[in-house]
Amino acid sequence: MKILIIDDEINICTTIQSILTDEGYEAEYALSFNEGMKKLKHEIFDVIFLDIWLPDHDGSEGLHKIKKYFPETEVIMISGHGNIENAVETIKYGAYDYLEKPLSLDRIILIIKHLEDKLKLKSDLKEYKFNLLKKYELIGTSEPVKQLKSRIEKIAPTNAWVLITGENGTGKEHVARLIHLLSKKSNNKFVEINCSAIPSELMESEMFGYEKGAFTGAANRKIGKLESGNKGTIFLDEIGDMDINLQAKLLRVLETGEFTRVGGNEVIRSDFRIISATNKDLEKEIDRNNFREDLYYRINVIPIYVPPLRKRKDDIPLLTNYFIKESCQTNGLQIKKIDKNLMDIFMEYTWPGNVRQLKNIIERMVVLTENDILTVKDAPEFIMKNFASNNKKDVEKEMETIIYRNDNLKKAKERFEKYYILKTLQNKKWNVSQSAKYLGIERTYLHKKIKDYSLDQFRD
Ligand SMILES: Nc1ncnc2c1ncn2[C@@H]1O[C@H](COP(=O)(O)OP(=O)(O)OP(=O)(O)O)[C@@H](O)[C@H]1O
């Protein structure tokens with residue numbers, strides 16, 4: 001902890017300095033406000049002892065300035081007998097505490113120890129939040145993900161309610177948590193309610209809580225999720241699967257912010273931001289009478305759509321490398337790599353389970369393979385089969401679409417070469433001599449190409 005003492009009396013400065021250095025802190029002093037400000041411009045101090053009366057500046061104004069430019073720095077005012085009231089007043093404007101002259105050694109140590117605990121808590125919280133932000137970073141640089149990120153940044157600090165839609169595993173919960181972390185409610189709770197996992201009878205007590213004796217087995221009062229999420233974010237996951245009767249009850253609560261615990265009369269008020277998510281098309285569900293239209297309009301203030309992975313294939317390499325690194329780290333393994341052929345196959349695959357499927361497959365491969373490089377051999381059979389059958393049917397289509405893939409020339413040439421060779425081999429029933437002759441290349445060179453592009457996997 002680094003401390004600055006600003007006082008025009010040198011013996012006050014040196015007394016505080018020696019007490020603090022004896023306790024193991026780093027302390028410097030300045031004999032005027034301006035000298036102090038100069039030091040603050042060049043170094044970061046955690047705590048400042050500031051005289052309330054300085055010849056070149058009024059201490060309370062000084063406090064305002066320090067808090068304006070260095071809001072993280074804690075200020076302890078030093079006051080003489082005559083201005084104790086002013087010192088008390090400064091607490092209102094952000095001073096942490098005040099010291100009275102003549103100085104008490106014990107009090108200085110007490111204040112600084114308390115502050116140290118507070119700063120430790122603050123930095124732990126900051127670190128915790130930083131780690132969470134890293135955990136919920138949205139990986140991807142494709143155009144849809146760029147747009148998603150900019151929308152999230154824009155709406156997160158507002159309190160507007162959000163409805164996130166998208167297929168399973170696209171990252172809806174990930175997005176909801178990120179919005180919470182970037183919001184003003186991030187110091188409060190993020191409470192998840194999975195509307196499909198809980199049977200509808202249990203759902204009510206889960207959401208609203210219950211009083212002791214409300215039903216058999218209710219031995220004690222239980223606080224519901226809506227109550228425990230007060231001042232925070234409530235995440236209603238799979239809202240499209242919520243029981244229609246419960247939808248009516250939820251709507252009432254969302255409109256008034258009030259509810260009672262099951263079996264109770266006390267009206268509870270809770271103030272929260274609602275973020276909902278669903279993989280269903282709620283407008284269709286409304287037409288089918290499965291979802292209430294009024295609830296839909298209530299929760300859908302800001303719609304956010306998370307596109308499926310197959311519509312943002314450019315993100316696959318980045319996500320793949322990110323998940324490889326992540327699962328190597330969590331499993332205590334050396335960071336592995338992925339070879340080009342396998343990455344090509346990942347790029348081709350349609351990923352029906354989206355980002356979750358990619359993440360799970362990578363984790364499985366990382367744990368199961370002993371090699372440093374993940375190759376086609378490590379990939380699950382169904383991906384390979386899917387790839388092979390796709391290719392058997394679609395080689396020509398693949399060649400036609402090469403120009404739309406935004407590859408650079410080298411990559412496009414390679415891709416064309418791969419499919420052209422594959423097509424020739426298929427046409428020549430995998431006779432390598434005939435294929436080589438047709439292609440006008442040596443047999444050995446064709447064998448090399450078959451190996452480089454892992455073309456063997458496409459043989460019946
Ligand atoms: N862009 C991304 N960057 C990093 N990780 C991601 C990204 N998108 C999703 N994930 C991760 O993929 C997994 C699945 O995401 P998530 O659970 O948020 O999906 P979901 O859409 O809520 O799924 P479901 O509809 O099945 O509930 C999670 O582990 C999540 O952290």
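Residues numbered from 1 in each chain as written. Predicted model: local features only at pLDDT ≥ 70, side-chain atom pairs only at ≥ 80, totals over all residues.

As annotated in an unreviewed UniProt entry, the chain is Two component, sigma54 specific, transcriptional regulator, Fis family from Flexistipes sinusarabici.

Visitor: In this structure, what is going on with the domain arrangement of the chain? I would like to understand it.
Guide: Taken domain by domain, the chain holds domain 1 (2-129), domain 2 (143-307), domain 3 (309-379) and domain 4 (387-460). For the side of domain 3 that touches domain 4, the class distribution of residues is 3 nonpolar, 1 polar and 1 charged. (Domains from an automatic or database assignment. Nonpolar A, V, L, I, M, F, W, Y, C, P; charged D, E, K, R; others polar.)

Visitor: I tried to follow the nonpolar core on my own but got confused; where do I start?
Guide: One recurring pattern in soluble globular proteins is that nonpolar side chains are buried together. Judged by nonpolar contacts, the single largest core of 34 residues is most densely connected at Ile164, Ile234 and Phe235. Those elements giving two or more residues to this core turn out to be helix H6 (143-155), strand S8 (162-165), helix H7 (172-181), strand S9 (190-194), helix H8 (200-208), strand S12 (233-237), strand S15 (273-278) and helix H12 (293-299). Considering each element in turn, this core owes the most residues, 4 residues, to H7. Judged by nonpolar contacts, the second largest core, of 28 residues, contains Leu4, Cys13, Ala27 and Phe33. (Core = buried A, V, L, I, M, F, W, Y, C linked by C-beta atoms within 7 Å. Buried ≥ 20, exposed ≤ 12 C-beta atoms within 10 Å, placed from the backbone. Helix = DSSP H or I, 4+ residues; strand = E, 2+ residues; numbered from the N terminus.)

Visitor: Which parts of the structure should I look at to understand the pairing of S8?
Guide: Sheet faces and side chains relate simply in a regular strand, where the side chains alternate between the two faces. Inspection of the sheet shows S8 paired to S15 by 4 bridges, in the parallel sense. Within the sheet, the bridge partner assigned to Leu163 lies in S15 and is Ser276. (Pairing = 2+ DSSP bridges.)

Visitor: How should the sheet that holds strand S2 (residues 26-30) be read in this particular structure?
Guide: In a beta sheet, neighbouring strands are held together by backbone hydrogen bonds and run either parallel or antiparallel to one another. Here we have 5 strands laid out as an open sheet, ordered S2-S1-S3-S6-S7, and parallel in their pairing. Single-partner strands in this sheet number two, and they are S2 and strand S7 (97-100). Strand-to-strand twist across the sheet, computed as the mean angle between neighbouring axes with direction ignored, equals 20 degrees. Note: strand S6 (residues 74-79) against S7, 4 bridges, orientation parallel. Opposite Ile76, over in S7, you have Asp97 as the bridge partner. Contacts between helix H3 (residues 59-69) and the sheet are confined to strand S3 (47-51) and S6, with S3 contributing the most and set at about 155 degrees to the helix. Set on the sheet, helix H4 (residues 84-92) makes contact with S6 and S7; between it and S6 the angle comes to about 170 degrees. (Axes fitted to C-alpha atoms, helices over the stretch in contact; angles between N-to-C directions. Contact = placed C-beta atoms within 7 Å.)

Visitor: Explanation requested: the packing of helix H1 (residues 10-22) against helix H5 (residues 105-135) in the structure shown.
Guide: Two measures define how a pair of helices packs: the angle their axes make with one another and the distance between the axes. Running from N to C, H1 and H5 cross one another at 55 degrees; their axes reach a closest spacing of 11 Å. By the criterion of interaxial angle, the relationship of H1 to H5 is oblique. Every pair of crossing elements has a handedness; the one defined by H1 and H5 is right-handed. For the pair H1 and H5, contact is made by Ile16, Ile19 and Leu20 and by Leu105, Ile108, Ile109 and Ile112, respectively. Considering only residue class, the contact of H1 with H5 consists of 7 nonpolar, no polar and no charged. (Parallel < 35°, antiparallel > 145°, perpendicular 65-115°, else oblique. Left-handed = near helix turned anticlockwise from the far one by under 90°.)

Visitor: Help me understand the UniProt feature "domain: Sigma-54 factor interaction" (unreviewed entry) in the chain, please; the structure alone is not making it clear to me.
Guide: The feature "domain: Sigma-54 factor interaction" (unreviewed entry), as given by UniProt, occupies residues 138-367 in the numbering adopted here. Strand forms 16% of residues 138-367 and helix 43%; the C-alpha atoms that close the span are 24 Å apart. (UniProt positions renumbered as here; feature names shortened; annotations may be inferred.)

Visitor: Honestly, the site of the ligand in this entry has me stumped. Any pointers?
Guide: Around the ligand, the surrounding shell holds 16 residues, and the nearest of these are Ile139, Gly171, Lys172, Glu173 and His174. Counting residues per element, the ones that place at least two in the shell around the ligand are H7 and helix H15 (354-368). Split by residue class, the shell around the ligand holds 4 nonpolar, 8 polar and 4 charged. The residue makeup of the shell around the ligand includes at least three contributed by each of domain 2 (143-307) and domain 3 (309-379). (Near = placed C-beta within 6 Å.)

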